[in-house]
Amino acid sequence: MPVRKDASGRRSVEAEVEVPGSPEEVWSAIATGPGISSWFVPSEVEEREGGTTVSHFGPGTSMDAVATITAWEPPRRFSAEAPEDMGPGGPKVATEWIVEARSGGTCVVRVVHSWFASTDDWDNQFEGHMHGWAAFFRILRLYLSHFRGQPCAAFQLMGAGSEPRSATWDALIGPLGLAGAAEGQRVSSAAGAPPFAGVVERVGPREHPELLLRLDAPAPGIAHLFALPMAGQILLPIRLYLYGDRAPAAAARDEPAWQAWMAERFPVRAPG
């Protein structure tokens, strides 16, 4: 996902995915608050040009990404601009979402981030940003394939450990009952871990640990686990998306157990 550059100073990166569904169904998943929250992070969208989008990446407003919608053309395209999206002193970032219908009942979803800069200072961060989109797009495809349009109750967890990343990842997945998991394998939680069961949809490479599960317990849903080096520690984000009528009760019951399990084993220390 290399950075593209033109003579005007505009730089951009993009990622895309082919997903099942009509343009209207896919638009609902990427351009409405409930839709985005069903595969990404909790979000709100004012569905109009000039409206605001807010994505909540963690507790507290300091982890909110806020942008203003600059184009709104359902069900094909919308764009939004965010000042300092990459942090204080960063460039203003424009994000464009495009939905293109394909034959056979699928669509291509493309996200393009663009910014103006005279140096390469931000290129690596944007390239890393797009690797994150690739992971979320796998969740989007799984959501549209199996849970399209269903109500969602989701929660996010965060733990942290120390280098090396492989050892911290093993310390997470072993007690969960996921050590040695293979794609297509049916798995369930180990004794003492929060209860879950499902099928492994993806196993990431050892250098970029990741697991994507399609759950049938505690409710139909998706679980996404990965390990990410940041600020001198290894972060362990876990996201659970539960769907259907049972989802709210299951999330309310199980989120405290997950939070306690993670806090006991992988407490996040303050930076500094």
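Residues numbered from 1 in each chain as written. Predicted model: local features only at pLDDT ≥ 70, side-chain atom pairs only at ≥ 80, totals over all residues. Heavy atoms only, no water.

Going by an unreviewed UniProt entry, the chain carries the name SRPBCC domain-containing protein and comes from Sorangium atrum.

1. Points about the environment of Ala101
Among the secondary structure elements, Ala101 is positioned in strand β7 (residues 93-102). Here the alpha-carbon distance between Ala101 and Arg76, two residues 25 residues apart in the chain, equals 8.8 Å. When near neighbours in sequence (up to four residues on either side) are disregarded, Ala101 contacts Pro23, Arg76, Thr106 and Cys107. (Helix = DSSP H or I, 4+ residues; strand = E, 2+ residues; numbered from the N terminus. Contact = heavy atoms within 4.5 Å.)

2. So, the pattern of salt bridges
For the structure shown, the criterion picks out 15 salt bridges. A salt bridge links Glu25 to Arg148; the nearest nitrogen and oxygen atoms lie 3.0 Å apart. With Glu25 in helix α1 (residues 23-31) and Arg148 in the loop between α3 (123-146) and β9 (152-161), this residue pair connects regions lying 123 residues apart in the sequence. The partly exposed category is assigned to Arg148, whose relative accessible area is 33%. Note that Asp216 and Arg186 form a salt bridge whose closest N and O atoms lie 2.7 Å from each other. On the criterion of sequence distance, the pair formed by Asp216 in strand β12 (residues 210-217) and Arg186 in strand β10 (residues 186-188) is long-range, its members being 30 residues apart. We classify Asp216 as partly exposed; its relative accessible area is 37%. It is possible to trace a salt-bridge network through shared partners that takes in Glu14, Glu16, Glu100, Arg102 and Arg110. (Salt bridge = Lys/Arg side-chain N within 4 Å of Asp/Glu carboxyl O. Buried < 20%, exposed > 50% of the residue type's maximum accessible area, 1.4 Å probe, protein only.)

3. Section: α1
All buried positions along α1 are accounted for by Pro23, Val26, Trp27, Ala29, Ile30 and Ala31. Summarising the axial view, the buried residues of α1 lie within an arc of 165°, below the 170-degree limit, and thus occupy one face. (Arc of directions from axis to C-beta.)

4. Some thoughts on unusual backbone geometry
A cis amide bond, omega 0°, links Glu163 with the succeeding residue Pro164. With respect to the helices and strands, the residue Pro164 is situated in the loop between β9 and α4 (165-176). Notably, Ala231 is not glycine yet its phi reads approximately 55°, a positive angle. Take Ala231: it is sitting in the loop between β14 (228-230) and β15 (233-243).

5. A look at the environment of Met262
By the element assignment, Met262 lies in helix α5 (residues 247-265). Taking the C-alpha atoms as reference, Met262 lies 9.9 Å from Pro194; in sequence the two are 68 residues apart. Residues contacting Met262, with those up to four places away along its chain left out, are Leu157, Met158, Gly159, Leu172, Leu236, Ile238 and Pro267.

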